Structure formats: C-alpha cells, structure tokens
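# What the coordinates show
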Amino acid sequence: CFKQKNRKIIEYLRKNTILSDNRIVRMNKEELQNELKKDKQFSHLVIPTIKVHNFNDIESFLEKYNKVVLKPISGQFGVGIYVLKKKGDSYILVHQDKETEISHTELISFFDERIKSKSYILQRYIASKSLQGHPFDCRINVEKNGEGKWVIAKKFIRIGIGQRIVSNISQGGGVSRTKPFLKANYGTKWREIEDNLNKIAETLPYKIEKLRKTKLMTLGIDIGIDTDGRLYLFETNSAPGTTQLRSEAALLRSQYYRYVLENRVSKEQHKSYNAKIKRLEQANKELGKQNQQYQKKIDSIEKRAVWKIVKLLDKMQILK
C-alpha cells in the first residue's frame, strides 16, 4: 500500500486516520543496529555491522571475522543474502542452497556485478544452526493488547531445512515451538534462553517506537541464537506476516482497536475540540478589542456632534 501509485491515498490517510504504521521515520537494518549499540540495555543484541562502500570494506571485514554475511539494506524474505568465508587464498561463497569456492579475482567480479551498485551491509556471521546443521531463527510476533501494551502474540522457531543461510519460511523450511526446540538443541540452557527471549519481547518494541517516534500496532522480531546460547537481533519487521498466528492476531487487534477508539481517538477529538474552543475564544477577544475601538470612535464622534449642537443652540439663544 505504500507504493508510488498509492501515494495520494496514503497521504490522505496519514492526515485523517490513525495508521498501524505510517512508514514515517523508518529505520533500515544498519540504522537500527547503530542505535541499539548506544543503549546498554540492548547493545548485547547488536551484530557487528558496517555498510559496504567499496571492495576494501569486504576484505577488511573478512580479515577481522573470517566469515561474514552480505545483506541488502532494504531486503525482505531473505532475498539477496550471501555468506562469505575466507579459506586460505580463496573464498567460499554461499547463496541459498549453493556453495561455491571462488578466487580473489572472482570475488572482485562478484562484487562488481552483484553488490557495487546496490545498498548492502556486512555483518559478522552468527552460527544460529540446529544440531542437524539447519539455519534457524526465533520469530517473536508481538501485538498491542486492549490496554495499549505490547504482548507476545506468538513466538516460534523457523528452521531453514535444506537451506544454508536463511530460515525464511517463504523459501521452504519448517516451524517448531520454542520450548521443545530449545530443549533439544541447548539442553539445560533452554530455560535461560526462553526467559531472555521473553525479556526482548517485553522491552524492545517500546525502544523501536521511541526510535521511530511513532506508535505501532504489530512487530516481528527475528532473533538468532549461537551455539553458546547468546542472542542476537537479526532484524525487526513492522509489517510481519500473520500466517502462523491468525487467531491470536485477530483477537489482540480487535482488543487494541477498541483501546484506540476509547483512548487515542477520543483524546484526539478532545484535543481538536479544545483547539477549536481556544481559536473561538481568541477570535472573540479580538472582536472584543475591535468593538472597544469602534465604541471609542463612536463616543468621540458623538461628543463632537453634541458640542456642535450646544454651540448652535447658544447662537440661537443669542439671536433671540
């Protein structure tokens, strides 16, 4: 709905309605990571990230981390993501389910053809893989409830079965409940990880709203978990799919809509009425001032007129 062809409609809606996301003050992956890095509460979630300006950025980042991920800044559904690993004098390039060994010259060609003309970021590779070697992440879907507060609608593990990089369901894969998956893959650490996931769901949405200076209704949070159980923020999505949580989302949204009607809408109307009253009061004051000025002029004219009449009567008396 935010495409160019719908701009006039969206602009009208922004001015006259409350949107679940007005797409104002948007943040891309790089900007979000940079902002969270400044906050002690969330800095531990940040993955080392830089924007790709030239080929030297890739070489220096590889020297530092050996294995990195190339992501389009505004990408969706895991499209255009590559993993790059240094292997002696050559490199291992992974895209979707294909792994290719390339030379330094071929890496330069790859950069010129696929990366150079686009907006990409480089991130340290986080080994968020199951014991079977499948990439996975934890999707936490949060929604606003009937009190206007963020709550977990559903959280689940997305497993990229047959994939090498991403765990996006749109590219194939499976879904698991968090508890059994964490128990099977992290043993006694599972409860601590589960608690940490819940803490992120309870706090991060408010931080996102603060950074974007706007109220949201729904948010998808993608978390990677490395082999030691440490959590990393892959990305957030302010328009997440609801295929896995239709009933939960429907229930919470209907409650939140009532909250919006009873609170935000009525408050906005109240503000509007108060503003109108203030404008009318101000206009009334201005009219009062004008009235006083006109009255002074009338009084002045009347005094002059009365004086003329008195003088005329005096003359008439003299003539008599």
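Residues numbered from 1 in each chain as written. Predicted model: local features only at pLDDT ≥ 70, side-chain atom pairs only at ≥ 80, totals over all residues. Heavy atoms only, no water.

## Quick word on helix α3 (residues 55-65)
Residue pairs three or four apart in sequence face the same way in an α-helix, which turns once every 3.6 residues. Counted only if it meets this: Relative accessibility decides the category of a residue: with a 1.4 Å probe and only protein chains considered, values under 20% of the type maximum give buried, values over 50% give exposed, and everything between is partly exposed. Secondary structure elements are taken from DSSP: a helix is a run of H or I of four residues or more, a strand is a run of E of two residues or more, and numbering for both begins at the N terminus. Note: the arc covers the axis-to-C-beta directions of the helix. Here a residue-residue contact requires only that any non-hydrogen atoms of the pair lie within 4.5 Å. Counted as a polar contact is a pair of N or O atoms within 3.5 Å, where, for protein atoms, one must be capable of donating a hydrogen and the other of accepting one, and residues adjacent in sequence contribute only when both atoms are in side chains.
Buried residues of α3: F55, D57, I58, F61 and L62, and no others. The arc enclosing the buried residues of α3, seen along the axis, measures out at 155 degrees, which places them on a common side. Opposite its buried face, α3 presents the exposed residues N56, E63 and K64, each directed more than 90 degrees away. Where α3 is buried, its residues touch β1 (49-51), β2 (67-72), β3 (82-87), β4 (90-95), α4 (104-115) and β6 (120-124). Capping the start of α3, N54 holds a side-chain oxygen 3.1 Å from the backbone nitrogen of N56, two or three residues further along. A positive backbone phi angle near 70 degrees is found at N66, which sits one or two residues after α3.

## Some thoughts on the pattern of salt bridges
The condition that has to hold: By salt bridge we mean one thing: a side-chain nitrogen of Lys or Arg within 4 Å of a carboxyl oxygen of Asp or Glu.
Enumeration according to the criterion identifies 17 salt bridges in this entry. Across the salt bridge formed by K155 and E194, the nearest N and O atoms sit 3.1 Å from each other. Taken together, the residues span a long stretch of sequence, with K155 in strand β8 (residues 150-159) and E194 in helix α6 (residues 190-212) at a distance of 39 residues. Exposure class is identical for K155 and E194. Each is buried. Across the pair R158 and D222 runs a salt bridge, and its minimum N-O distance is 3.2 Å. Residue R158 is found in strand β8, and its partner D222 is found in strand β10 (residues 218-225); the two are separated by 64 residues along the sequence. Here the two residues R158 and D222 agree in accessibility, since each one is buried. One connected set of salt bridges, linked through shared partners, spans D137, R139, R158 and D222.

## Quick word on the sheet that holds β4
We apply this condition: Strand pairing is assigned whenever DSSP detects at least two bridges linking the two strands. Only the stretch in contact is used when fitting a helix axis, every axis being a line fitted to C-alpha atoms; angles between N-to-C directions are given from 0 to 180 degrees.
Here we have 6 strands laid out as an open sheet, ordered β1-β6-β2-β3-β4-β5, and antiparallel in their pairing. On the outer flanks of this sheet lie β1 and β5 (98-102), each paired with one strand and no other. Taking each pair of neighbouring strands and ignoring which way they run, the sheet shows an average axis angle of 25 degrees. As defined by bridge partners, β2 adjoins β6 across 5 bridges and the pair is classed as antiparallel. Residue pairing in the sheet places L70 in a bridge with L122 of β6.

## Regarding the side chain of T214
Mapped onto the elements, T214 comes out in the loop between α6 and β10. Under the relative-accessibility criterion, T214 is labelled buried at 15%. Dropping the residues within four chain positions of it, T214 is found in contact with N22 and E209.

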